[in-house]
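Notes for the structure review
Next come the chains, spelled out residue by residue.
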Amino acid sequence: MHRCNMVTRRNALATIGAGSLVGVAGCLGSIWGSGGTLQHIDFGGNTQDAQMEIIDRWAEESDYDVEATAGGGTTEMISMIKQNPGEFDTVAFNDTGISQARQEGILEPIDLGEVPNYEENIRDPARELEFLFEDGEVIGLIRENGGTGYAYNTEHVDRELTSWQDIKDPEFEGELALLDRAIDRFANCAVAIDVDINEAAQDDDLFEEVVAEAEEQHQNTFSYWSDGATSIQYLQQENAMICEAWGGRVLALQEDGYDHIEYVMPEEGTMAWTDTLSIVEGTENREAVHDLLNFIYERENLIDLSDMMNYTVQINDPPEEMQALPDFAPIEDLTFSDWDVVLPKQDEWSERFQEVKQG
């Protein structure tokens, strides 16, 4: 069955607030009920649109409709799941989000015996990332991944930019926009000065070097963005001549005619990230969810997903088109945050980041 027109709870949240949604869950039953309908929560934007294209293929062959909810970020998504138990079946998180979701106990183990396409088509190193497991059980399946570099306007910047050091040039004062997430921002600053963010989390002197780099990069910054759509808007409207960004979003922008926006994977490297798929704790549709996940991880669907998202999917023998993506890399060549080390620092680092932004 086809899903209905995409429904999001953001309209409901804007009207009644996330806290009130629990109290009116019964009123929404006709829309969000579990009978014959799966509820998927994702990031919104291009990634959710691409994911729903694949999910729709499954829905056409199944007895289920699938409805999508666009969350406004990790914190909101976790809050919506916690405040509405049993309402959601599947969720997409990034590596930060799934690490937080583990702590909140809102995910169920995945039976890989029911998802054979995942083990058949996803490369071994990608399936072994630590944040995909909880107490030895799989709680997340890797979806797409990439790095967080930056983009710049070649019509206004008259030279090629290749490095994190380039964005600190005084000529770009007031023309730089950066990501408004403490852990991610510090991770990229660590890469810029050849420091391992996981070591910095355990070494105060190293962390102060990272903070100093963040302060230097802040000098040219007029704004920090918290969602990818804002970064693209800054580039479209020429609010920012340089903007920290995700490669897939920039490629989509170029496809819309903004050929003068160039994406950079800095020569020093970038913070690595991945998005995941998980089963929400309390679902009453485990059998259907496993069937859906197995469908998503068919090779053809994974290649189409990568093509629509403009991001890497860690499949065996990736096609040339995927290898041509600006942030393509085998998972073993990427460095991820050790969330057992970094996540406990989140509150402390958020406070330091606020100090950086006020400097």
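For the structure itself, look to the data block above.
The paragraphs below set out a description of the structure included in this document. Predicted, not measured: the structure shown is a model, and the values here were computed from it. (Residues numbered from 1 in each chain as written. Predicted model: local features only at pLDDT ≥ 70, side-chain atom pairs only at ≥ 80, totals over all residues. Heavy atoms only, no water.)

1. Remarks on the overall build of the protein
Put simply, the test is: For the purposes of this entry, the term helix denotes a DSSP run of H or I that reaches at least four residues, the term strand denotes a run of E that reaches at least two, and both are numbered from the N terminus. The rule is simple: take the accessible area with a 1.4 Å probe, protein chains only, and divide by the maximum for that residue type; under 20% is buried, over 50% is exposed, in between is partly exposed. Only the protein chains shown count as cover for residues, with accessible areas throughout obtained via the Shrake-Rupley method and a probe of 1.4 Å. A positive count includes Lys and Arg, and a negative count includes Asp and Glu. His and the chain ends are not counted in either. By convention, the point assigned to a charge is CZ for Arg, NZ for Lys, CD for Glu and CG for Asp.
Along the backbone of the protein there are 18 helices and 13 strands. With the C-alpha coordinates aligned to their principal axes, the bounding extent of the protein is approximately 60 × 45 × 40 Å. Split into buried and exposed, the 359 residues of the protein put 55% on the buried side. Surface exposure of the protein reaches about 15200 Å², of which carbon and sulfur atoms provide 41%. Averaged over its 19 positive side-chain charges, the protein has a centre that lies 3 Å from the centre of its 77 negative ones.

2. Some thoughts on a negative patch on the surface
Using the following cut-off: Like-charged residues are merged into a patch within 9 Å and nonpolar side chains (Val, Leu, Ile, Met, Phe, Trp, Tyr) within 5 Å, provided each residue has over 30% relative accessible area and no salt bridge. Salt bridges are defined by distance alone: a side-chain nitrogen of Lys or Arg within 4 Å of a carboxyl oxygen of Asp or Glu.
A surface patch of like charges, here negative, comprises Glu199, Asp203, Asp204, Asp205 and Glu209. Per element, the largest residue contribution to the negative patch is 3 residues, and it comes from helix α11 (residues 204-218).

3. Let's talk about the pairing of strand β1 (residues 37-42)
For clarity, the cut-off: Strand pairing is assigned whenever DSSP detects at least two bridges linking the two strands.
Burial analysis of β1 places 6 of its 6 residues in the buried class, which makes it a mostly covered element. Burial of the side chains of β1 extends over both faces: Thr37, Gln39 and Ile41 are buried on one face and Leu38, His40 and Asp42 on the other. Pairing geometry for β1 and strand β2 (residues 65-70), over 6 bridges, is parallel. Looking at β2, one finds that Asp42 is bridged to Ala70.

4. Here we look at the side chain of His218
Put simply, the rule is: Here, two residues are considered to be in contact whenever any of their heavy atoms come within 4.5 Å of each other.
Within the secondary structure, His218 sits in helix α11. Residues in contact with His218, not counting those within four places in the same chain, are Tyr224, Val356, Lys357 and Gly359.

5. Notes on the packing of aromatic side chains
So the rule is basically this: Put simply, two rings from Phe, Tyr or Trp (the six-membered ring, in Trp's case) pair if the centres are within 6.5 Å, and we call them stacked under 30 degrees between planes, edge-to-face over 60, tilted for the rest.
For the structure on display, the rule yields 12 aromatic pairs. A ring pair is formed by Phe186 and Phe353, whose centres lie 5.9 Å apart and whose planes are at 70 degrees; its orientation type is edge-to-face. Within this pair, whereas Phe186 is found in helix α9 (residues 182-192), its partner Phe353 is found in helix α18 (residues 346-357), the two being separated by 167 residues in sequence. By relative accessible area, which is 0% here, Phe186 ends up buried. On the basis of an interplanar angle of 90 degrees and a centroid distance of 5.1 Å, the ring pair of Trp225 and Trp246 is categorised as edge-to-face. Pair noted here: Trp225 is in strand β9 (residues 221-225) and Trp246 is in strand β10 (residues 242-246), with a separation of 21 residues, a long-range link. The exposure class of Trp225 is buried, given its relative accessible area of 1%. For Trp246, a relative accessible area of 14% corresponds to the buried category. Members of the aromatic cluster, each reached through a chain of ring pairs, are Phe186, Phe207, Tyr224, Trp349 and Phe353.

6. Overview of unusual backbone geometry
Residue Asp135 is not a glycine yet carries a positive backbone phi of 55 degrees. With respect to the secondary-structure elements, Asp135 resides in the loop between β5 (133-134) and β6 (137-138). Unlike most non-glycine residues, Asp317 shows phi in positive territory, near 50 degrees. When you line up the elements, Asp317 lands in the loop between β13 (312-313) and α16 (320-323). In this structure Asp317 comes out as exposed when scored by relative accessible area, which is 65%.

7. Describing α11
Quick note on the threshold: For a helix, the expected span equals 1.5 Å multiplied by the residue count minus one. In this description, one arc is meant: the one made by directions from the helix axis to the C-beta atoms. The term polar contact refers here to a pair of N or O atoms within 3.5 Å; inside protein, the definition further demands a hydrogen-donor-capable atom paired with an acceptor-capable atom, and it admits residues adjacent in sequence only when both atoms are side-chain atoms.
Taking 1.5 Å per residue as the helical rise, α11 with its 15 residues ought to reach 21 Å, and the 21 Å between its terminal C-alpha atoms agrees with that figure. Those residues of α11 that sit buried are Leu206, Phe207, Val210, Val211, Glu213, Ala214, Gln217 and His218. End-on, the buried residues of α11 take up no more than an arc of 160 degrees, which puts them together on one face. What points out from α11, more than 90 degrees from its buried face, is the exposed set Asp204 and Asp205. Those residues of α11 that are buried lie in contact with β8 (176-179), α9, α10 (197-200), β9 and α18. The backbone nitrogen of Asp205 has a side-chain oxygen 3.0 Å away, supplied by the residue at the start of α11, namely Asp203.

8. Side note on helix α5 (residues 74-83)
By the burial criterion, the buried members of α5 are Thr74, Met77, Ile78, Met80 and Ile81. The buried residues of α5 occupy an angular sector of 160 degrees when projected down its axis, which confines them to one face.

9. A short note on the nonpolar core
Test applied: The set of buried Ala, Val, Leu, Ile, Met, Phe, Trp, Tyr and Cys residues whose side-chain atoms join them within 4.5 Å is what this entry labels a nonpolar core.
Grouped together as the largest cluster of nonpolar side chains are 110 residues, with contacts concentrated most on Phe93, Tyr118, Ile122, Leu141, Phe186, Leu293 and Trp349. The dominant element in this core, judged by the number of residues it contributes, is α9, at 7 residues. In contact with Leu293, not counting residues within four places along its chain, are Ile110, Val115, Leu141, Leu277 and Ile279.

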